[in-house]
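# Working through the structure, step by step
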Amino acid sequence: MAAASIMPPPRNPPPPATARNPTATVSDPQRHRDAPTPSLRVLFLRAVDPSRPSSWSAAVADLLSSGDPVAALAAFAAALRANPAALRPALPPALRAAAAATSLSAGRQLHLLALRSGLFPSDAYSASALLHMYHHCSRPLDARRAFDEIPAPNPVIVTAMASGCVRNNLVYTALSIFRSMVASDSAGVVDEAAALVALSASARVPDRGITGGIHALVSKIGLDGHTGVVNTMLDAYAKGGGHDLGAARKLFDMMERDVVSWNTMIALYAQNGLSTEALGLYRKMLIVGGGVRCNAVALSAVLLACAHEGAIQTGKRIHNQVVRMGLEDDVYVGTSLVDMYSKCGKVEMAWKAFQKIKGKNILSWTAMIAGYGMHGYGQEALHVFTDMRKSGLKPNYITFISVLAACSHAGLLNEGRYWYNTMKTEFGIEPGVEHYGCMVDLLGRAGCLDEAYDLIKEMKAKPDAALWGALLSACRIYKNVELAKISAEKLFELDATNSGYYVLLSNIYAEAGMWKDVERMRVLVKTRGIEKPPGYSSVELKGKTHLFYVGDKSHPQYKEIYAYLEKLLERIQEAGYAPNTGSVLHDLDVEERESMLRIHSEKLAVAFALMNSVQGSVIHVIKNLRVCTDCHAAIKIITKLTGREIIVRDIKRFHHFKDGLCSCGDYW
């Protein structure tokens, strides 16, 4: 291995001279001020005792731990020239330096040096570091060959090999190595490090029972008292086969919890879409956690839960905590704030959070583009996209989904066409199903139904239900019955149990006066036993989320809500509202269908919010399905009569209702 030459400092450097008297010696204070700062190289040589091998080893390790693996390798080369006896203690940190620098060439030279000196395979420390190097350089086969040359690998070496396999996603190989280690001697060879590796591997496999088996072994040998092992086990239960969050929570409730335990469990709930559970556990942590505070990862997870729930008040409180912890400029927490505010209907707050992020990455920019896009602010989204490209970042697959979705929601047909083509020609990104879906939605909104259908036919990938659903929605707006039939047939093949498609096609038939086909759809729904999933709407008030289902009478204020809603409906009917009974696909007469429409969850949520919120404040409603056409028409008139602004987030987009109009332009 090439060694850098290192010149030792002079033993007795002459004193610096003054300008007036070149031979005069300056005073000590002046010498201190005027003397040049010693170089790092000089300081390094002063700190190392060349005669002591352990001193060289410590120098290599210190340079590595300071984040400079290249300097660590140079120090190792100098050590060999200055004192060949430094090879044994300095080789393991040098191998780890090669791993940190992902320098396979340096690692191979060190491997050769270890073979020539006899340190491999005899020295366990060198052998373990060699395996570590090959795995970090993404050479698991070379690591395996080296591992097989070791006659009797000890548990440390075996653990290093298994850990490297996990790093390279060879999880079944890692588990096989772990099993062999346990079977070769006794369960006593399994230490904390080995258990952590095995649990990390089990978190990545779909097989049920593996984590439970390791859990049993860990308990048997007494490692279940190690907090690090149990925290990793939490993660393994939630992410491994079956995604057993119930087992993870049971373990969490039984264990001695620390900051990592709380943060891990909260993050697992949020990442698996269990927002209510995540927020509930976060609140419990604040009460009984014994002063435990969220770290950046858990704060991001809680903000994700707030985004899913639309819990803006809770999100604001967490933002205050972020400010107190000085994490507003953190790229991960900041991006989570952008996402949370966007999905809670506060896009202006999302923009403020975005501006405070330092070192914005592709996720940060994409989150802001998506935030503007989902609110229908297409031009603002494209301005952010332009700024992102000016910053030097290259848009990726996900970024273009956000860009095209923004064009779709805002009806920017020409811009959408341009970026769809540029994505392929300039950035080399082949469109996926999501990009096609955005384009079909955009073309359908503009009335270019034939072009949208041609785009679907030219797709390389198989069109999914969301894509055909976008075309079917466009057919309803532009009353294209023939293309609606084609879309519906494809949808019934892909998702035959989705009642929304039957409702949509039935409405298209009804508007075209095709009553026999309407009846046929009703019979089809009955014979197939299709039921509409329970839709609900939620409103957050004073930090508490209130949930409403159709005809819901479980709320403590339900009598007052129904009385208020009855009067409100009378007012909007006088203003021109007429119930759209086509939104209800049931074998009911007109009067019964009108009665059902009056107690839809959206109307109940809006009535509750109008009753209990301050005049002039914005009302935020979350709907788990698409907002129905009747409620959409009703809320427009409600905003005109009450002078209130109402923002409804449904499964597809945001609807900003104000002064009798909606930001979607009645297309969703």
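Labelled according to an unreviewed UniProt entry, the protein appears under the name DYW domain-containing protein, originating from Sorghum bicolor.

What follows is about the pattern of salt bridges. For side chains bearing opposite charge, pairing can occur when the charged atoms are close. Here the structure, examined in full by the defined rule, presents 19 salt bridges. Linking Arg108 and Asp142 is a salt bridge whose minimum nitrogen-to-oxygen distance equals 3.0 Å. Remark: Asp142 occurs in helix 9 (residues 140–148) and Arg108 occurs in helix 6 (residues 104–117); sequence separation between them is 34 residues. Judged by relative accessible area, Asp142 falls into the buried class, the value being 9%.

A word on the state of the cysteines. One pass over the structure, following the stated rule, counts zero disulfides. Cysteine Cys438 remains unbridged, with the sulfur of Cys407 as its closest cysteine sulfur at 9.0 Å. The exposure class assigned to Cys438 is buried, which follows from its relative accessible area of 12%.

Let us look at the side chain of His546. Relative to the helices and strands, His546 resides in strand 2 (residues 544–549). In terms of polar contacts, His546 uses its side chain to reach the side chain of His555, at 3.0 Å. In this structure His546 touches Ser537, Ser538, Val539, Leu541, His555 and Phe608, once residues within four positions along its chain are discounted.

Aromatic ring pairs are described here by two measures, namely the spacing of the ring centres and the angle between the planes. Under the criterion given, the structure shown has 15 aromatic pairs. Arranged with centres 5.7 Å apart and planes meeting at 70°, the rings of Phe385 and Phe400 form a pair that is edge-to-face. Of the two residues, Phe385 sits in helix 23 (residues 378–390) while Phe400 sits in helix 24 (residues 397–410), which places them 15 residues apart along the sequence. The residues Phe385 and Phe400 share a single accessibility class, namely buried. Site record: aromatic cluster; members linked through ring pairs are Trp351, Phe354, Trp365, Tyr372 and Tyr377. Taking the ring centre of Phe252 as reference, the NZ or CZ of Arg257 above it sits at 4.9 Å.

Taken together, the side chains of Leu286, Ile287 and Val288 define a hydrophobic patch exposed on the protein surface, amounting to about 320 Å² of accessible area. Tracing the backbone through its elements, the reader meets Leu286 in helix 17 (residues 275–288).

Time to look at helix 29 (residues 481–494). Here helix 29 contains 14 residues, and its C-alpha end-to-end distance of 20 Å stays within 8% of the 20 Å for a straight helix at 1.5 Å per residue. Turning to helix 29, its buried residues number three or more, namely Val481, Leu483, Ala484, Ser487, Ala488, Leu491 and Phe492. Buried residues along helix 29 sit against helix 27 (449–457), helix 28 (465–478), helix 30 (499–511) and helix 31 (515–527). If you check the start of helix 29, you find a side-chain oxygen 3.0 Å away from the backbone N of Leu483, and it comes from Asn480.

As recorded in UniProt, the sites labelled "repeat: PPR" (unreviewed entry) are residues 258–292 and 361–395. Structurally, residues 361–395 comprises 74% helix and 0% strand, and the distance from its first C-alpha atom to its last is 11 Å.

Another aspect to go through is the pairing of strand 3 (residues 619–623). A large share of strand 3 lies buried, amounting to five of its five residues. The side-chain alternation of strand 3 yields two buried faces, one formed by Ile619, Val621 and Lys623 and the other by His620 and Ile622. Across two bridges, strand 1 (residues 536–541) lies against strand 3 in antiparallel orientation. Bridge pairing links Ser537 to Lys623 in strand 3. Relative to strand 4 (residues 646–649), strand 3 is paired through four bridges, and the arrangement is parallel. Residue pairing across strands places Ile622 opposite Arg649, the latter belonging to strand 4. Crossover connection from strand 3 via helix 35 (residues 629–642) to parallel strand 4: handedness right-handed.

What follows deals with the packing of helix 28 against helix 30. Put simply, helix 28 and helix 30 touch, their axes get as near as 10 Å, and they point 20° apart. When the interaxial angle is binned, helix 28 and helix 30 end up roughly parallel. The two elements helix 28 and helix 30 cross, and the hand of that crossing is left-handed. Of helix 30, the residues touching helix 28 (which contributes Ala465, Gly469, Leu472, Ser473, Cys475 and Arg476) are Tyr501, Leu504, Ile508 and Glu511. Across the contact of helix 28 with helix 30, the residue classes tally to six nonpolar, two polar and two charged.

With their axes 8 Å apart at the nearest point, helix 16 (residues 259–271) and helix 18 (residues 296–309) run at an angle of 35° to one another. Like other packed secondary-structure pairs, helix 16 and helix 18 cross with a definite hand, here left-handed. Here Asn263, Ile266, Ala267, Ala270 and Gln271 of helix 16 lie close against helix 18, whose contacting residues are Ala298, Ala301, Val302, Leu304, Ala305 and His308. Of the residues belonging to the contact of helix 16 with helix 18, the class tally is eight nonpolar, three polar and no charged.

The biggest cluster of nonpolar side chains holds 171 residues, and the ones touching the most others in it are Val190, Met340 and Leu471. Once you skip the residues sitting within four places of it in the chain, Leu471 turns out to touch Val440, Leu449, Ala452, Tyr453, Ile456, Leu483 and Ser487. Ranked by size, the runner-up nonpolar core spans 27 residues in total, among them Ile561, Ala605, Phe657 and Cys662.

Pairing within the open sheet is mixed, and its six strands lie in the order 2-1-3-4-5-6. Of all strands in the sheet, those bounded by a partner on one side alone are strand 2 and strand 6 (661–662). Note that strand 1 and strand 2 share six bridges and pair antiparallel. Pairing of Ser537 across the sheet is with Phe548, part of strand 2. Together, strand 4, strand 5 (654–658) and strand 6 form the strand contacts of helix 35, whose direction differs from that of strand 5 by roughly 35°.

This next bit is on unusual backbone geometry. Apart from glycine, the bulk of residues carry a negative phi angle, and the bulk of peptide bonds sit in the trans form. Cis geometry marks the peptide bond from Phe120 to Pro121, where omega comes out at 10°. A positive phi angle, close to 45°, is found at Thr102, a residue other than glycine. Here Thr102 lies in the loop between helix 5 (87–100) and helix 6. Look at Thr102 and you get exposed, because its relative accessible area is 53%. Unlike most non-glycine residues, Asn169 shows phi in positive territory, near 65°.

About the cut-offs
Residues numbered from 1 in each chain as written. Predicted model: local features only at pLDDT ≥ 70, side-chain atom pairs only at ≥ 80, totals over all residues. Heavy atoms only, no water. Salt bridge = Lys/Arg side-chain N within 4 Å of Asp/Glu carboxyl O. Helix = DSSP H or I, 4+ residues; strand = E, 2+ residues; numbered from the N terminus. Buried < 20%, exposed > 50% of the residue type's maximum accessible area, 1.4 Å probe, protein only. Disulfide = S-S within 2.5 Å. Polar contact = N/O pair within 3.5 Å; in protein donor to acceptor, adjacent residues only side chain to side chain. Contact = heavy atoms within 4.5 Å. Phe/Tyr/Trp six-rings, centres within 6.5 Å; stacked < 30°, edge-to-face > 60°. Lys NZ or Arg CZ within 6 Å of the ring centre and 35° of its normal. Patch = residues over 30% accessible without salt bridge, like charges linked within 9 Å, V, L, I, M, F, W, Y side chains within 5 Å. Areas by Shrake-Rupley, 256 points an atom, 1.4 Å probe, with all protein chains shown as cover. Expected span 1.5 Å × (residues − 1). UniProt positions renumbered as here; feature names shortened; annotations may be inferred. Pairing = 2+ DSSP bridges. Right-handed = clockwise from strand over helix to strand, strands pointing away. Axes fitted to C-alpha atoms, helices over the stretch in contact; angles between N-to-C directions. Parallel < 35°, antiparallel > 145°, perpendicular 65-115°, else oblique. Left-handed = near helix turned anticlockwise from the far one by under 90°. Nonpolar A, V, L, I, M, F, W, Y, C, P; charged D, E, K, R; others polar. Core = buried A, V, L, I, M, F, W, Y, C linked by side-chain atoms within 4.5 Å.

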